[in-house]
Amino acid sequence: MNADPRLQAVVHFYDFHPISAQQILAAVAARGVERADITEEVLQHHDQDHYGGTAAVDRLMAEAAVGAGDEVLDVCSGMGGPARYLAWKRGCRVTGLDLTRSRVQGATELTELAGLSDRVRFVEGNALDMPFAADRFSLAIAQEAFAHIPDKPRLVRECARVLRPGGRLVFTDILHRGTLPAADAKRLFDGMRFSEIGSVDDYTRWLQDSGLRVEAVLDLSEEWTRILRERHAMYRSLQAQTVQRLGREHFERYDQAYAHFVGLYQTGVLGGALVRAVKLA
Ligand SMILES: C[S@@+](CC[C@H](N)C(=O)[O-])C[C@H]1O[C@@H](n2cnc3c(N)ncnc32)[C@H](O)[C@@H]1O
């Protein structure tokens, strides 16, 4: 058990998240697909827990120039959607790291069902203290997860440590675009378990301090504002299922937290970006 209460809160949040391996398998069954017939092509419509689905992974793959020979680390891999998609599309080997045991178990089960266990595996662990040797990976990716992690300089140092010289770190994250009022930061932690939200300038400094050179920053703020409005509507459309599974109080609490989050995008307080950096030799 991790001693930091902020990390424990993240684990609890994902243990009771409305999107789970169980919910993915129910959605697949509702499409009339038998368990034995599950493939990556089927799963990829349901298992991506970031903004923009597989199109966003395609963009990240293009930015990262992922090849079959890459040894990829997916930091905060969730239910393993991007990890499986990368291995399936590019033939590379992918290791997913996630703090939440139920996510690691769900990701492992889905990967076995998709027949990708020879190339994709999942490890339970903290991104602030990764259970990997130095210089182990040629590419590290992450999507919409770093905002959950406190002590970003240490997170970035850990990513740099496990990358080989010349290795790339390509990630997307929730960012603030100036200042984030303390009251909003508190509500974001209470509702969404975002422990620390940085800006592009913060990341540029943290990356440089860890021996990485920033090569590209793509501003995704407008795109995410639209996507988040849609995701919130989708969450509301799952009301009956969520209330049945987790109770009305849980549904309403998350609904209000999401409305606040989307509002911060609409007023330009929050945004998002894709960042590509390379570890200097
Ligand atoms: C929004 S999900 C993203 C999942 C995945 N990247 C995707 O796109 O489908 C965020 C994930 O980050 C994980 N996470 C949060 N803090 C972490 C930490 N300190 N170390 C490892 N994983 C963490 C959570 O358990 C959760 O599964």
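Bear in mind that the values here come from a model prediction, so they are computed numbers and not experimental data.

A.B. asks: Just give me the short version of the overall build of the protein, but keep the residues and values in it.
C.D. replies: A count of helices and strands for the protein gives 12 helices and seven strands. Relative to a compact globule of 281 residues, whose C-alpha radius of gyration would be 19 Å, the protein shows 18 Å and is just as compact. Each of the three principal axes of the protein carries a C-alpha extent, and together these read 55 × 50 × 35 Å. Among the 281 residues that make up the protein, the fraction classed as buried is 41%. Residue pairs in contact within the protein that sit at least 24 positions apart in sequence constitute 76% of those at least 6 positions apart.

A.B. asks: With reference to specific residues and values, describe the pairing of strand β2 (residues 93-98).
C.D. replies: The element β2 is largely enclosed, with a buried count of five among its six residues. Across five bridges, strand β1 (residues 71-75) lies against β2 in parallel orientation. By the bridge assignment for β2, V75 is matched with L97. Handedness of the β-α-β unit built from β1, helix α5 (residues 81-90) and β2 comes out right-handed. As judged from the five bridges shared by β2 and strand β3 (residues 120-124), these two strands associate in the parallel manner. In the sheet register, T95 faces β3, and the bridge partner there is R121.

A.B. asks: Got a sec to walk through the sheet that holds β3? Specific residues and values, please.
C.D. replies: An order of β3-β2-β1-β4-β5-β7-β6 is seen for the seven strands of this open sheet, with the pairing classed as mixed. Edge positions in the open sheet fall to β3 and β6 (212-219), since each of these has one partner strand only. Within this sheet the neighbouring strands show an average axis-to-axis angle of 20 degrees, counted without direction.

About the criteria used
- Residues numbered from 1 in each chain as written.
- Predicted model: local features only at pLDDT ≥ 70, side-chain atom pairs only at ≥ 80, totals over all residues.
- Helix = DSSP H or I, 4+ residues; strand = E, 2+ residues; numbered from the N terminus.
- Rg over C-alpha atoms; globule rule 2.2 N^0.38 Å.
- Buried ≥ 20, exposed ≤ 12 C-beta atoms within 10 Å, placed from the backbone.
- Contact = placed C-beta atoms within 7 Å.
- Pairing = 2+ DSSP bridges.
- Right-handed = clockwise from strand over helix to strand, strands pointing away.
- Axes fitted to C-alpha atoms, helices over the stretch in contact; angles between N-to-C directions.

Taken by themselves, the reported measurements are silent on function.
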